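Okay, here's what each chain looks like letter by letter:
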Amino acid sequence: MKSPARLLLAATCTVALLSSPGAAWGTNKPKAEKTKPVDCAKVKCIALTFDDGPGKYADKLLDTLKKTNSKATFFLEGQYVKSRKAFAKRMAVEGHELGNHSYTHPHLRDLSEEKIREELTRTQDIVKQATGKTPTLLRPPYGELDYRVQAIAKEMNLPIVLWNGGSRDWATKNEKAIYDEVLKNAKRDGVILMHDWVEQTVKVMPKLIAALQKQGYHVVSVSSLRGANKLEAGSIYPVGSEKDDLAAETPDSPDAPEAASPEDGL
Ligand SMILES: [Zn+2]
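Just so it is clear, the model here is predicted, and its values are computed rather than measured.

### Observations concerning the overall build of the chain
Counting its secondary structure elements, the chain contains 9 helices and 8 strands. Within the chain, buried positions represent 39% of all 266 residues. Contacts in the chain between residues at least 24 apart in sequence constitute 79% of all its contacts with a sequence separation of at least 6.

Rendered as structure tokens:
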């Protein structure tokens, strides 16, 4: 038990600390934010988006994003959020944008409305539970849509985000090919599709972001792009991306990411 004298000393120290000039935070101007929001109306921006995660290599990718002062958008698959909660949490804490990519990666067009709703709602719920944040965007698996998916997205207050630049990372699994493909498809306010379960994508990322930055790009979340900050629920972004050949740019199989094992249960 503390003696009265020790308690008095502790109280005195606290008062001294509070009244020292260094502690007078209230009168000092707050320090400038380390990362100022990027204004994509003024500077060249690009959004890197990662589907099907949190993937096995998400941690390493997050390290790179942090080091390069970049923000990404993650379209999360509910079943992997469940098995890699800590990765999802870290994405949210470090200011990345979270989107819904269904729970089990089905072809939504083949499902009943009830099942579509279930896939999306379960994912909203598990992401909220793991990160404290509810996804604000939807990317349906394979980029496949129909009027029912759009209506349900609207009902759930989710704008739909597709992409206008692929990386074919899941197909080539080759660092140089991924690097070349992304740089070929890079354009101002472009939305690039990648996967954080592809090891080569995560490995090439420091080099790729350095090349993009050298070309003047700021790597930002989708909603920071020009014209994307107030997307309407159920609407499709980027404009013109709702084409039928998108599925060719995404992995065929939902089980492409290695099945989450108990050891991955972070
Ligand atoms: Zn996917």
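### Thoughts on helix H6 (residues 147–155)
An α-helix turns once every 3.6 residues. As a result, residues three or four positions apart point the same way. The complete set of buried residues in H6 reads Val 149, Ile 152 and Ala 153. Seen end-on, H6 carries its buried residues on one side only, within an arc spanning 105 degrees. In H6, the exposed positions that point more than 90 degrees away from the buried face belong to Tyr 147 and Glu 155. For H6, the secondary structure elements touched by its buried residues are helix H5 (113–131), strand S4 (137–138) and strand S5 (160–161).

### Let's talk about the confidence of the model for the chain
Parts of the prediction with low pLDDT should not have their coordinates interpreted in detail. Across the chain, the average pLDDT comes to 86, with 79% of residues at or above 70. Within the model, the stretch residues 1–33 combines pLDDT values under 50 with 3 contacts to residues more than four positions away or in other chains. Confidence drops under a pLDDT of 50 for residues 253–266, and excluding neighbours within four residues, the segment shows 23 contacts in the predicted structure.

### Observations concerning unusual backbone geometry
A cis amide bond links Gly 53 with the next residue in sequence, Pro 54, at an omega value of 0 degrees. Counting through the fold element by element, Pro 54 comes out in the loop between strand S1 (45–53) and helix H2 (58–67). The phi angle at His 105 is positive, at roughly 65 degrees, despite the residue not being glycine. Within the secondary structure, His 105 sits in the loop between strand S3 (97–100) and H5. Taking the C-beta count within 10 Å as the criterion, His 105 has 24 such neighbours and is therefore assigned buried.

Conventions used here
Along every chain, residues carry numbers that run from 1 in the direction the sequence is written. Local features in this predicted model are restricted to residues of pLDDT 70 or higher, and side-chain atom pairs are both shown and tallied only at a pLDDT of 80 or more, whereas totals for entire chains, interfaces and linings draw on every residue. Put simply, DSSP marks the helices as runs of H or I at least four residues long and the strands as runs of E at least two long, and each gets a number from the N terminus on. Exposed residues have 12 or fewer other C-beta atoms within 10 Å of their own C-beta, buried residues have 20 or more, and residues in between are partly exposed; the C-beta atoms are placed from the backbone. C-beta atoms are first placed from the backbone for all residues, and any pair lying within 7 Å is then listed as a contact. As used here, the arc is the angular range of directions from the helix axis to the C-beta atoms. pLDDT is a per-residue confidence score from the predictor, ranging from 0 to 100.

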